[in-house]
Amino acid sequence: MRTLRLYARDLRVGLPSVRPYLVAALVLGVVHGIAAAGNCAYSGNDLSSFTFADYVALTFQFANPVDLWLLIQGRPLTITFPWFFSFAVLFAATLEYPRADLLGAGYRGVVASGSRWAWWIAKCAWVCTVAAAFWVLLFAGLILTAWAFGAQASEFMSEFAMIMVPASSSTRYPGMSMVPLMLLTVPICASMMLVQLAVSVRVERMPGYLLCMGVFFASGMVEHPLLLGNYLISGRSAGAYVEGLPMNDGLALSLAVAWIAVAVGGLLVSRMTIYGGSRDE
């Protein structure tokens, strides 16, 4: 009950700090949808030939992993910045409130609850809720935009999009689903945000943020199953390509990262010495 009360308080008090980011999620969905429609039109095919899944695939596309041999030969490094932007906005959404709450008004909640673990678990649940709300709004904006441009209501990719999305896999079959990638957005991002939360509460905001963005940058550059961002790249997803990274692996890895972050962060918070809204390092 203590955890639920603290969680309800976080939903109420923490909303103003994340409201601009949730609005940004909806706007980002629309912007990504317009950009995807532009790519579809540029391909020379009729917009009605594409599906909702195509818009998702084009939004989460990324250039092929870095090939060191090609770089040595002078091939320029390709970075797909639009893929990073949504994650950069989401990770920034939960930077301010938890730390400010612990070192400010939230100190009274810690004292009143009688359990720092209850405070910590409530904050973890709040972070996961923000992650879920962000992606629901972004996908809502994206799908509504796709519908406005005449896309077919289907979870499966068309043959046209399969050609457009960069992929290291050689096996491409039209009709592959984007649902696995969409379902992984919340657990993967929430797990990284829990890591960020543990670091920011104990150390500072920016180190945790840079750590998460660094993992996603490395994911874009290197295709490896232990780099979580790879599971959110359409050209490397098993939902889109037979040889892609399996959804179950991404889910299991994200749950493991989340469990470690919650356990380590809870231990750190429980051992902090807090004096009336400030803490002793």
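Residues numbered from 1 in each chain as written. Predicted model: local features only at pLDDT ≥ 70, side-chain atom pairs only at ≥ 80, totals over all residues. Heavy atoms only, no water.

Caption draft 1: Main features of the overall build of the chain. From N to C terminus, the chain includes 11 helices and two strands. Listed N to C, the secondary structure of the chain is α-α-α-α-α-α-α-α-α-α-α-β-β in terms of helices and strands. Residues counted as buried form 48% of the 281 residues belonging to the chain. Sequence separation of 24 or more characterises 77% of the internal contacts of the chain that already satisfy a separation of 6 or more. When the accessible surface of the chain is summed, it comes to about 12,700 Å², and 69% of that surface belongs to carbon and sulfur atoms. (Helix = DSSP H or I, 4+ residues; strand = E, 2+ residues; numbered from the N terminus. Buried < 20%, exposed > 50% of the residue type's maximum accessible area, 1.4 Å probe, protein only. Contact = heavy atoms within 4.5 Å. Areas by Shrake-Rupley, 256 points an atom, 1.4 Å probe, with all protein chains shown as cover.)

Caption draft 2: Local environment of the nonpolar core. Counting residues in hydrophobic clusters, the biggest one holds 83 residues, and the most contacted among them are Phe87, Phe91, Phe134, Trp135, Met157 and Phe216. In terms of residue count, helix 7 (residues 116-148) provides more of this core than any other element does, 15 residues in total. (Core = buried A, V, L, I, M, F, W, Y, C linked by side-chain atoms within 4.5 Å.)

Caption draft 3: Spotlight on empty space enclosed by the protein. Counted by the stated rule, this structure contains one cavity of 30 Å³ or more. Its volume calculated, the largest cavity comes out at about 40 Å³. Lining the largest cavity we find His32, Thr59, Phe60, Pro82, Trp83, Ser86, Phe87 and Trp135. (1 Å grid on protein atoms, 1.4 Å probe; cavity = no way out; pocket = protein on both sides within 12 Å on 5 of 7 lines; lining within 4 Å. Points joined across faces, edges and corners; volume = space filled by probe spheres on them.)

Caption draft 4: Spotlight on the confidence of the model for the chain. Put simply, the chain has an average pLDDT of 85, and 84% of its residues get 70 or more. Predicted confidence for residues 275-281 stays below pLDDT 50, and this span has 18 contacts to residues more than four positions away or in other chains. (pLDDT = per-residue confidence, 0-100.)

Caption draft 5: Spatial organisation of a nonpolar patch on the surface. A grouping of Trp259, Ile260, Val264 and Leu268 is seen on the molecular surface, where their side chains present a nonpolar patch of about 410 Å² in accessible area. On the secondary structure map, Ile260 appears in helix 11 (residues 247-270). (Patch = residues over 30% accessible without salt bridge, like charges linked within 9 Å, V, L, I, M, F, W, Y side chains within 5 Å. Salt bridge = Lys/Arg side-chain N within 4 Å of Asp/Glu carboxyl O.)

Caption draft 6: Fine view of the side chain of Arg9. For Arg9, the position within the fold is in helix 1 (residues 2-42). Here the side chain of Arg9 touches Tyr97 through a polar contact of 3.3 Å, side chain to side chain. (Polar contact = N/O pair within 3.5 Å; in protein donor to acceptor, adjacent residues only side chain to side chain.)

Caption draft 7: Molecular detail of helix 11. The end-to-end C-alpha distance of helix 11 is 34 Å, a good match for the 34 Å that 24 residues give at a rise of 1.5 Å each. If you check which residues of helix 11 are buried, you get Gly250, Leu253, Ser254, Ala258, Ala261, Gly265, Gly266 and Val269. Next to the buried residues of helix 11 lie helix 7 and helix 9 (179-202). (Expected span 1.5 Å × (residues − 1).)

Caption draft 8: How the structure looks around the packing of helix 4 (residues 81-93) against helix 10 (residues 205-221). In contact at an axis separation of 10 Å, helix 4 and helix 10 are set at 160° when each is read in the N-to-C sense. With respect to each other, helix 4 and helix 10 are oriented roughly antiparallel. Every pair of crossing elements has a handedness; the one defined by helix 4 and helix 10 is right-handed. Of the residues in helix 10, those in contact with Trp83, Phe84, Phe87, Ala88, Phe91 and Ala92 of helix 4 are Tyr209, Cys212, Met213, Phe216 and Phe217. Residues belonging to the contact of helix 4 with helix 10 are distributed by class as follows: 11 nonpolar, no polar and no charged. (Axes fitted to C-alpha atoms, helices over the stretch in contact; angles between N-to-C directions. Parallel < 35°, antiparallel > 145°, perpendicular 65-115°, else oblique. Left-handed = near helix turned anticlockwise from the far one by under 90°. Nonpolar A, V, L, I, M, F, W, Y, C, P; charged D, E, K, R; others polar.)

Caption draft 9: Quick peek at the packing of aromatic side chains. In the structure shown here, the tally under the stated rule is 15 aromatic pairs. Feature note: the residues Phe60, Phe62, Trp83, Phe84, Phe87, Phe91, Phe134, Trp135, Phe139, Phe216 and Phe217 constitute an aromatic cluster, connected by ring pairs. (Phe/Tyr/Trp six-rings, centres within 6.5 Å; stacked < 30°, edge-to-face > 60°.)

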